[in-house]
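# Report on the structure
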Amino acid sequence: MRAILYVGHGTRSKKGAEEAKRFLQSVINEVNEPIQEISFLELTEPSIEEGFKRCVEQGAMNIDVVPIFLLTAGHMKHDIPDVLRTLQEQYPHVSVKLLEAFGVQESILDAMVELILGTAGLLSAQDSLLLVGRGSSDAGIQRDFAVIASGLQSRLGVERVNVCYLAAAEPSFADGLEQICDEASGSIVVVPYLLFGGLLLSEVQSAVRKKHKSGLSIVAADALSRHAAIKELVVARASGKGSVDIHAASNY
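Residues numbered from 1 in each chain as written. Predicted model: local features only at pLDDT ≥ 70, side-chain atom pairs only at ≥ 80, totals over all residues. Heavy atoms only, no water.

The chain is annotated in an unreviewed UniProt entry as Sirohydrochlorin chelatase from Peribacillus faecalis.

What follows is the structure, encoded as structure tokens:
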């Protein structure tokens, strides 16, 4: 019997964790599979181990692991496979397949554009975007963000799209925000490349509000999961339907 195990990142934010669980439950409601469980890599319960065991207890012999991760970095290359490898040793009769992260996809870029326009309205060539990533030391992530930035710029026709990171890579969010506020000639839209609300999104929104109160024309777009395209993508993955990564990130 086949099972689906969804794996999210996890967060210290209770509100963010509840948002992720609601999102995944809405996915489960649209996927025709009797065994489906939610789990998280860290900071939020249930753990991957607990979710996996629930699948096995319900009779699963084949488990497809659907990661709710935007890009392929350390978590996808090492952390999740390490946990699954240990579980497979404990349950050698169970076949386990780890699906890929979302990657850089046309549908995600199109959804981002709609979120940006829904927040800021029509943009002019003089306006600027600040794309904010979670951050990783993996060089592939920075290549992916270059592709994302280029895709947004071509779709929106804005003067510049700068990239910064909340951790583990440079420039930092604080430095990136200061730079674009100093250099931008028009309005600024800060675009968090984050799936759900939580402490990181709150950090971005708080900093943007402070800049706005100082007189700058600046707003922050919403988390990506607020767009229906993200849910559609996860449903398609869980249902065994393919999707096209327009920039092949490193395989785990």
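Moving on, we get to the pattern of salt bridges. This structure, assessed with the given rule, holds 13 salt bridges. Across the pair Arg-155 and Glu-106 runs a salt bridge, and its minimum N-O distance is 2.3 Å. In this pair, Arg-155 sits in helix H5 (residues 139–156) while Glu-106 sits in helix H4 (residues 106–120), placing the two residues 49 residues apart along the sequence. The class of Arg-155 is partly exposed, set by a relative accessible area of 30%. Using a relative accessible area of 39% as the deciding quantity, one classes Glu-106 as partly exposed. For Arg-155, the salt bridge goes to Asp-110, with nearest N and O atoms at 2.9 Å. On the criterion of sequence distance, the pair formed by Arg-155 in helix H5 and Asp-110 in helix H4 is long-range, its members being 45 residues apart. For Asp-110, a relative accessible area of 38% translates into the label partly exposed. Counted as one network, the salt bridges with shared partners bring together Arg-2, Glu-33 and Asp-64. (Salt bridge = Lys/Arg side-chain N within 4 Å of Asp/Glu carboxyl O. Helix = DSSP H or I, 4+ residues; strand = E, 2+ residues; numbered from the N terminus. Buried < 20%, exposed > 50% of the residue type's maximum accessible area, 1.4 Å probe, protein only.)

Between its terminal C-alpha atoms helix H3 (residues 74–90) stretches 24 Å, which fits the 24 Å expected from 17 residues at 1.5 Å a residue. Its axis deflected by about 30 degrees at Pro-81, H3 carries its strongest bend there. Elements that come into contact with the buried residues of H3 comprise strand E1 (2–8), helix H2 (48–57), strand E3 (62–67) and strand E4 (95–98). (Expected span 1.5 Å × (residues − 1). Bend = angle between axes of the 7 residues up to and from the residue. Contact = heavy atoms within 4.5 Å.)

Topologically, Leu-70 is positioned in the loop between E3 and H3. Classification of Leu-70 as buried rests on a relative accessible area of 10%. In sequence terms Leu-70 and Leu-194 are 124 residues apart; their C-alpha atoms lie 8.1 Å from each other. Residue contacts for Leu-70: discarding those within four places in its chain leaves Ala-101, Phe-102, Gly-103, Tyr-193, Leu-194, Leu-195 and Leu-224.

With respect to the helices and strands, the residue Val-7 is situated in strand E1. For Val-7 and Phe-69, which are 62 residues apart along the polypeptide, the C-alpha to C-alpha distance reads 8.3 Å.

Okay, the layout of surface pockets next. Reported here for the largest pocket is a volume of approximately 800 Å³. Taken together, 36 residues form the lining of the largest pocket, with His-9, Phe-69, Arg-134, Leu-194 and Leu-200 sitting closest to its centre. Listing elements by their share of the lining of the largest pocket, those giving two or more residues are helix H1 (14–28), H3, H5 and helix H7 (199–213). Looking at the lining of the largest pocket residue by residue, the classes come out as 22 nonpolar, 12 polar and 2 charged. (1 Å grid on protein atoms, 1.4 Å probe; cavity = no way out; pocket = protein on both sides within 12 Å on 5 of 7 lines; lining within 4 Å. Points joined across faces, edges and corners; volume = space filled by probe spheres on them. Nonpolar A, V, L, I, M, F, W, Y, C, P; charged D, E, K, R; others polar.)

Turning our attention to the sheet that holds strand E6 (residues 160–165). If you walk across this open sheet you meet the 4 strands as E6-E5-E7-E8, and the pairing is parallel. The sheet is open, and its two edges are formed by E6 and strand E8 (218–220), each paired on a single side. Averaged over all pairs of adjacent strands, the angle between strand axes in this sheet comes to 20 degrees, irrespective of strand direction. Where strand E7 (residues 188–192) and E8 come together, 3 bridges link them in parallel fashion. Directly across from Val-190, in E8, lies its bridge partner Ala-220. (Pairing = 2+ DSSP bridges. Axes fitted to C-alpha atoms, helices over the stretch in contact; angles between N-to-C directions.)

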